[in-house]
Amino acid sequence: MRSISLGSLAPVVGPFLVAALAAAAPVAAQSLVAPDGTIDLNRYYMADETDQMLAEWHARFPSLTEVEQVGTSLLGAPLMLITITNQETGPAHEKPALYVDGGLHAAELTGSSVATHVIAHLLSGYGTDPQITELLDTRAFYVRPKFNPDGSDLVLSTDLALRSSVNPVDQDRDGVADEDPANDLDGDGWITQMRWPDPEGQWVIDDAERRIMRRVGPDTPADAVRYSTSGEGIDDDGDGRRDEDGIGGLDLNRNFPRNWEPQHLQPGAGDFPLSEPETYAAVRFIHDHPNITGIVHGHTSGGFVYRLPSASAPSLFPQDDLDQIIHLGEEYTRTTGRPVRPSATHPTEHRYGTLISWGFWDQGVIGWVPEFSPGPEMWVTDYDGDGQLSEEEQLRYNDEELGGRYFSEWTEVDHPELGIVEVGGWHRKFWGQNPPSEHLEEETSAQLPWILYLAEQAPRLNWDGVRTESLGDGRWRIEATVRNDGFLPTSITARGTEGTETRDGTVVDRIVQPVHLMIELEGLELIEGDARVDVGHLRGAGPFVPDVGPRSRTVSWNVQAYGDPGELAVRVIATSPKAGTLRGEWITVR
């Protein structure tokens, strides 16, 4: 368990958060990973438990994993990441890699669950599942399950609402931050709804099922008792409003540096780009690992995927790249039956400072924001078969199949401002925003085929042959042809090819560095050609981004023997940040 001095946190995060953290019970250490690498997929894990699983996976699969801390959260939690690849076929940094994370937004717990399922699926399947074995032999995965451990632990150990970071924000602008969160008035561990009689209210209790509230309409009887409703809570700070300044207030997915804007244009953006340790750790890691070919940035809810463009005007987005993105998204719809939607659709009314926008414009890679958990229609039975899901059907399913666990019965409470109120309702955190734990594996399993598909589309270098030809007099010509066997180009996108054009027309400082061929010699010296040759980018098997370059390139060198005659050998190495490193065998020349 991580050790935090709760008393020292009070000036930083406020008394409500300190009290919530103090109330969170420690988890007894016990093995969470089975010998075959599988885990219980129908439960949500605290950050310490997730870190324990990463350590156990590494202990069980040392040749397939590396675990590292990439940063430290606001409250001192380690930001942990696991690298997965077959190290016997080459180190991760020499292979194309897919980056997967989850849990940036605190209560969007399913993102972390998908990330841990990806890890378990890869490790338990290696050596028996041909698809997984091929992937880990030729590619790598970087998985950060708990992007925001402080936030996810808060929402798992309490029922407080929190967008993302626990970093305090004075949301009601009264000079004090986080002093009026929601309150659990009936002490049942859930923060639900309140209802109370009010002649001006817009709700009535359903005649047949008193747990259901109906909005007042033309058919509402004139003598019906009307109710007002609100979230469960009191006016903690005495300003006449309830629950208006809860824990935190930042949105970590508005804190990334590309097209960042301050609070007046983008609420929750933070003081400056990458002001938060969690976002800085992500950008630092992705920038330092140029072999990352794509980003899967897990969120909830709604049951769809946000695609690029994001945080910018759609008119600015390259059409070739958009066509490629739409194509890759079609596989998500095919495997899940769910739609893909653009994150930005308006020239100015869009998000600012998102991770996938930075990933595209600054790193040249394609990012995705899956919004997991479509809602109760995923798990609730349509009992009457009318194609609609009524609240009665939801209550019946919860009662009959889930033991009533996800609805708090309406209970009278003496409210300090309103008098007698009733408190109750759905536990929305696990009834829409995330699935009930009993249905969690069903949701996470549905995401795996598309995530593996994205990894398979990466560019991949291969040889068309390395040839030697004697020129006589102890001289030889060495010729090598390298090709891209992957679907995506070695630049990933057209954006990745952009750089600075010099006076002679050469493009340097590309966003994604091109393919290079290097020659190594034993007993030979280079007499014509450069030891390291820039061959530009290579297009992939896909029809998109056609102007990136040819599918293969050939380079030749002339060499000659020197010194005492002995073994004369040559080796060619091809490198690409996105398509990996290809090391040829030493070839003896005669």
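Residues numbered from 1 in each chain as written. Predicted model: local features only at pLDDT ≥ 70, side-chain atom pairs only at ≥ 80, totals over all residues. Heavy atoms only, no water.

Asker: I'm lost on the environment of Glu 501 in this one. Help?
Answerer: Note on placement: Glu 501 falls in strand S17 (residues 500-501). With relative accessibility at 59%, the residue Glu 501 sits in the exposed group. Aside from chain neighbours lying at most four places away, what touches Glu 501 is Thr 506 and Val 507. (Helix = DSSP H or I, 4+ residues; strand = E, 2+ residues; numbered from the N terminus. Buried < 20%, exposed > 50% of the residue type's maximum accessible area, 1.4 Å probe, protein only. Contact = heavy atoms within 4.5 Å.)

Asker: Which parts of the structure should I look at to understand the sheet that holds strand S20 (residues 524-528)?
Answerer: Sheet strands pair via backbone hydrogen bonds, and the direction of the pair is either parallel or antiparallel. Ordered in space as S15-S16-S22-S20, the four strands form an open sheet in which the pairing is antiparallel. The sheet terminates laterally at strand S15 (461-472) and S20, the two strands that pair on one side only. Between one strand axis and the next, the sheet turns through 30 degrees on average, direction left out of account. Two strands pair when backbone bridges link them, and S20 and strand S22 (residues 552-561) are joined in this way by four bridges, in the antiparallel orientation. (Pairing = 2+ DSSP bridges. Axes fitted to C-alpha atoms, helices over the stretch in contact; angles between N-to-C directions.)

Asker: When you look at the pairing of strand S23 (residues 569-576) in this model, what are you seeing that I'm missing?
Answerer: On a regular strand, each side chain points to the face opposite its neighbour's, so the side chains alternate between the two faces of the sheet. Of all the eight residues making up S23, seven are buried; the element is thus mostly covered by neighbouring parts of the structure. With seven bridges connecting them, strand S19 (residues 515-522) and S23 associate as antiparallel partners. Across the sheet, residue Glu 520 finds its bridge partner in S23, namely Arg 571. Summarising the sheet, S23 and strand S25 (residues 587-588) pair through two bridges and their orientation is antiparallel. For Val 570, the partnering residue across the bridge sits in S25 and is Ile 587. Relative to strand S24 (residues 580-583), S23 runs antiparallel, the two being bridged by four bridges. Counted as the bridge partner of Ser 576 is Gly 580 from S24.

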